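Single-letter residue listing:
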Amino acid sequence: MADKKPTKPNIIGEHDDGTPVGASPSGPTVQHHTPSARSDEVPRELAVLPVRDTVLFPGSVIPLSIERDRSRRLLSDVLPKQKVIAVVCQKDADVEEPGADDCYQVATAVTVLKLLRLEDDRRGAIVHGLSRVRIDRWIAEQPHLQAEVTPLTSEAAEDKRTEALEQTARRLARRALDLMPNVPDEAGVVLDNIEGASALADFLAANLPIEAADKQKLLETIGVNTRLRSVVEELQRQLEVLELSNKIQAQVKERIDQSQREYYLQEQLKAIQEELGQTDEKTAEMEELRQRLNEAGLPDGPRATADRELKRLGDIPTASPEHNMIRTYLEWLADLPWNNATADKLDIARARKVLNEDHHDLNKVKRRILEYLSVRKLAPHSRGPILCFVGPPGVGKTSLGQSIARALGRNFIRMSLGGMRDEAELRGHRRTYIGAMPGRIVQEVHKAGTNNPVFMLDELDKVGKDFRGDPASALLEVLDPAQNDTFQDHYLNVPFDLSNVMFIGTANVMTTVPPALRDRIEVIELPGYTEQDKLRIATGYLVPRQLDENGLTASQAKWKDAAVQYVIARYTREAGVRELERQIGTVCRGIAAMIAEGKAKTRTVNRKLVRELLGPEKYESDVALRTSTPGVATGLAYTPTGGEIIFIEAAMYPGKGELTLTGQIGDVMRESVQAAFSLVRSRADALGIDAAGLGKKDVHVHVPAGAVSKDGPSAGVAMVTALTSLLTGKSVRPEVAMTGEITLRGLVLPVGGIKEKALAARRAGICSVVLPDRNRKDLEDIPPQARRELRFKFVRKIDDVLEVALDGSAGRGSRRRSQGT
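It should be emphasised that the depicted structure is a prediction, and the values quoted were computed from it without experimental measurement. (Residues numbered from 1 in each chain as written. Predicted model: local features only at pLDDT ≥ 70, side-chain atom pairs only at ≥ 80, totals over all residues. Heavy atoms only, no water.)

K.L.:
Can you lay out the pattern of salt bridges for me, pointing to particular residues and giving the numbers?
P.N.:
Opposite charge on two side chains lets them pair, provided their charged atoms get close. This structure, assessed with the given rule, holds 42 salt bridges. Here Asp480 and Arg520 are joined by a salt bridge, their closest N and O atoms 3.5 Å apart. Placement of the pair is Asp480 in the loop between helix H15 (471-478) and strand S11 (487-488) and Arg520 in the loop between helix H16 (515-518) and strand S14 (521-525), with a sequence separation of 40 residues. Owing to a relative accessible area of 14%, Asp480 belongs among the buried residues under this scheme. (Salt bridge = Lys/Arg side-chain N within 4 Å of Asp/Glu carboxyl O. Helix = DSSP H or I, 4+ residues; strand = E, 2+ residues; numbered from the N terminus. Buried < 20%, exposed > 50% of the residue type's maximum accessible area, 1.4 Å probe, protein only.)

K.L.:
Can you tell me about the side chain of Glu309, naming the residues and giving the values?
P.N.:
Within the fold, Glu309 resides in helix H8 (residues 300-315). One polar contact links Glu309 to Arg312, side chain to side chain, over a distance of 3.2 Å. The residues contacting Glu309, other than those within four sequence positions of it, are Ile326, Tyr329, Leu330 and Arg431. (Polar contact = N/O pair within 3.5 Å; in protein donor to acceptor, adjacent residues only side chain to side chain. Contact = heavy atoms within 4.5 Å.)

K.L.:
Tell me about the environment of Gln483, and name the residues and values.
P.N.:
Along the chain, Gln483 turns up in the loop between H15 and S11. We classify Gln483 as partly exposed; its relative accessible area is 34%. Residues Gln483 and Ser499, spaced 16 residues apart in sequence, show a C-alpha to C-alpha distance of 8.2 Å. What Gln483 contacts, discounting residues up to four positions off in sequence, is Glu477 and Arg520.

K.L.:
Help me get a handle on the packing of aromatic side chains, residues and values and all.
P.N.:
Evaluation of the coordinates by the stated rule reveals 4 aromatic pairs. On the basis of an interplanar angle of 65 degrees and a centroid distance of 5.8 Å, the ring pair of Tyr329 and Tyr491 is categorised as edge-to-face. Note that Tyr329 is positioned in helix H9 (residues 321-335) and Tyr491 in the loop between S11 and strand S12 (495-496), a separation of 162 residues in sequence. Geometrically, the ring pair formed by Trp338 and Phe496 is edge-to-face, given 5.0 Å between the ring centres and 65 degrees between the ring planes. Of this pair, Trp338 sits in the loop between H9 and helix H10 (348-358) while Phe496 sits in strand S12; the two residues are 158 residues apart in sequence, bridging distant segments of the chain. Exposure class is identical for Trp338 and Phe496. Each is buried. The ring of Tyr329 carries the charged tip of Arg431 above its face, separated from the ring centre by 3.8 Å. In this structure, Arg776 is placed above the aromatic ring of Phe794, and the distance from its NZ or CZ to the ring centre is 4.3 Å. (Phe/Tyr/Trp six-rings, centres within 6.5 Å; stacked < 30°, edge-to-face > 60°. Lys NZ or Arg CZ within 6 Å of the ring centre and 35° of its normal.)

K.L.:
How would you summarise the sheet that holds strand S13 (residues 502-507) if you had to cite specific residues and measurements?
P.N.:
The parallel open sheet is built from 5 strands, whose spatial order is S9-S10-S13-S8-S14. With one partner strand each, in any of the chains shown, strand S9 (412-416) and S14 form the two edges of the open sheet. Across the sheet, the mean angle from the axis of one strand to that of its neighbour is 25 degrees, orientation sign disregarded. Across 4 bridges, strand S10 (residues 454-458) lies against S13 in parallel orientation. Residue Leu457 lies in a different strand from S13, and its bridge partner there is Gly505. (Pairing = 2+ DSSP bridges. Axes fitted to C-alpha atoms, helices over the stretch in contact; angles between N-to-C directions.)

K.L.:
Provide a residue-level description of the packing of helix H18 (residues 561-571) against helix H20 (residues 607-614), including the pertinent values.
P.N.:
With their axes 9 Å apart at the nearest point, H18 and H20 run at an angle of 45 degrees to one another. By the angle between their axes, H18 is oblique relative to H20. For the pair H18 and H20, the crossing hand works out as right-handed. Contacts from Ala562, Ala563, Tyr566, Val567 and Tyr571 of H18 reach H20 at Arg607, Val610, Arg611 and Leu614. Each residue belonging to the contact of H18 with H20 can be placed in one class, and the counts come to 7 nonpolar, no polar and 2 charged. (Parallel < 35°, antiparallel > 145°, perpendicular 65-115°, else oblique. Left-handed = near helix turned anticlockwise from the far one by under 90°. Nonpolar A, V, L, I, M, F, W, Y, C, P; charged D, E, K, R; others polar.)

K.L.:
Could you give an account of helix H25 (residues 716-728), with specific residues and numbers?
P.N.:
Under the 1.5 Å per step criterion, the end-to-end length of H25 is 18 Å for 13 residues, consistent within 8% with the ideal 18 Å. Most of H25 is tucked away: 13 of the 13 residues are buried. At the exit of H25 stands Gly729, carrying a positive phi of roughly 80 degrees. (Expected span 1.5 Å × (residues − 1).)

Right, here's the structure in full:
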């Protein structure tokens, strides 16, 4: 081939400060002999042997594996004539047949000391590096590489800088040898016997665990000081890695040794304690848990789980976090009342006495509770229904549950479900989570200490639902007598029998309770109280309780019945008695302040004192004012807080025949208004209304108390009455209130909440109540006193309603209507 002149290699001079990139250290892999050959002993032309990922330094003695055919031919052709060849590192190790451009330009002249025959007919050679050589010109590539070379000599100047670098390099190398594992002692001897800064730099560079390209840079660095500085910097980096690695290994070894030492000492201590008849803390803990589990009387399945976890606890070190988790789990299993139950006191007469002492009226509810207790007495193992008390706030739902527990002699626990959104609150979290605990069901039974408490699930209608789950669905298993004997909490992960627990639910309304849950409970409705009922409850229960809470005696605060009635009529408007008790408490606190200040020793509570302490009256009857003009009708509504009266107002003004609805009404009530308007327009001729004129008028229907949402169909008859009154100019009688759903055919359909609505009409001063004829059967639920004071008109069609509700005289400004009642 034609002669090819190589590009001049980058030879780093004496004062060049460039540093190579290093890698992790390892022990010395290359033997070293100080080169004795001079530059004039290296022939001008040398055969070149390319090698992969290997950089040979002067003074190094290493074995080479000769596998390529061209390399074998090189040894066969050259060795008979001369022992010196050039070894060069190829740039890319993947090139199988490297050419001139694939090799670096600085190589090492070596003497082939010995040829080796290896297994599988492979050959090798042991070579000794003589000196650096620069490839000046490539002479041939076939049958093997051959080039003209020039030896590169590097002699260090005898100055303090070189001496300092040499000492630093030796010190760092010795330190690295001390830190590296599996390094033979001869390595230190070789290091101590190397003479000369250049030879030391080459020896260390040959044994540095860095990439071949970085070693090539060191080979091309002629200046001894520069080469030593690069080697020192790389040694420093490798030493930092070695020290950190040894520190980590020492820490790990120390932990392991400490654990082994503790284990050995614990075993010795256990053996000594066994000889002395004593037990260690862990053994005592295990025995205590085992004894508690035996006393708890777990069923077979949970007991097998407990034994398995107890065995795991014995195998886990006390310091392990899992030890505390398993111990807490076993303590929960041991503390649950698996077999601990209270004996039921199924004395029906005593139960009736307790219920009468705690609650006034509610005869229907009391009768159902006594029936339940009677069945329990005759069939102790029967699975009775799950009772649910539904009624407005303050009517005594929660206190009924407490009375049942007292009558039965059972423990009472209450859990509020209002706002609960996470299903895990009921069923617990699995033990894979840190800080996991059982759900509220198991926790409350654990607090009760018995497996048959009276368990009140309060506010069933206010359970939430979101991405975390549906607690109402989790209650399906709890409230099903056929399933709750194997209730499984996520934390316990073993079945727990809830069939002996007497569950009682409470709710204000059942409309928000899911159908599947509603199907599992028996609903017992608790209606609102009449004013007479409230008077008896106040004098018999509320006043004595508030006197006691405020430190007063009956002689210091003498309540008159008239004063209590005044508070009921003018300061409360509710179905229950919660607000009434608050107002009574306010009066009692005022009297307590007077007595404490010495202004009085006793006070008689009359209307004047009530007004002085409670301020102006909060409620008054305004029915007559509202119904003195056409277009206003009084309806009756049933809300979660009990019965209420609502006013339907209608106005008409010039327009395009449109209907406007306001008052925050729901979709059902909105449709009811539209049906009422359509019904009135369809009967315009019969009612004496100008049908043609309706197309030029807009009608606006408003339900006052716009901040309160309203819905339902029961205001249909009131809507029709208000619109008819508006369009005919006839006023609605002020003493009449009405309820009922209407159809486009003019039929009046039945509605619910009749008792509550009747009581609301009575509280508001209504004298006559219009009810659907099909609600006649509900009249018996209304208290006798209310039935005596109210006149009930039962209707089937809207014509009957209008006949009862509308005043016979038309006109807006009638003197008689303006003076009214």
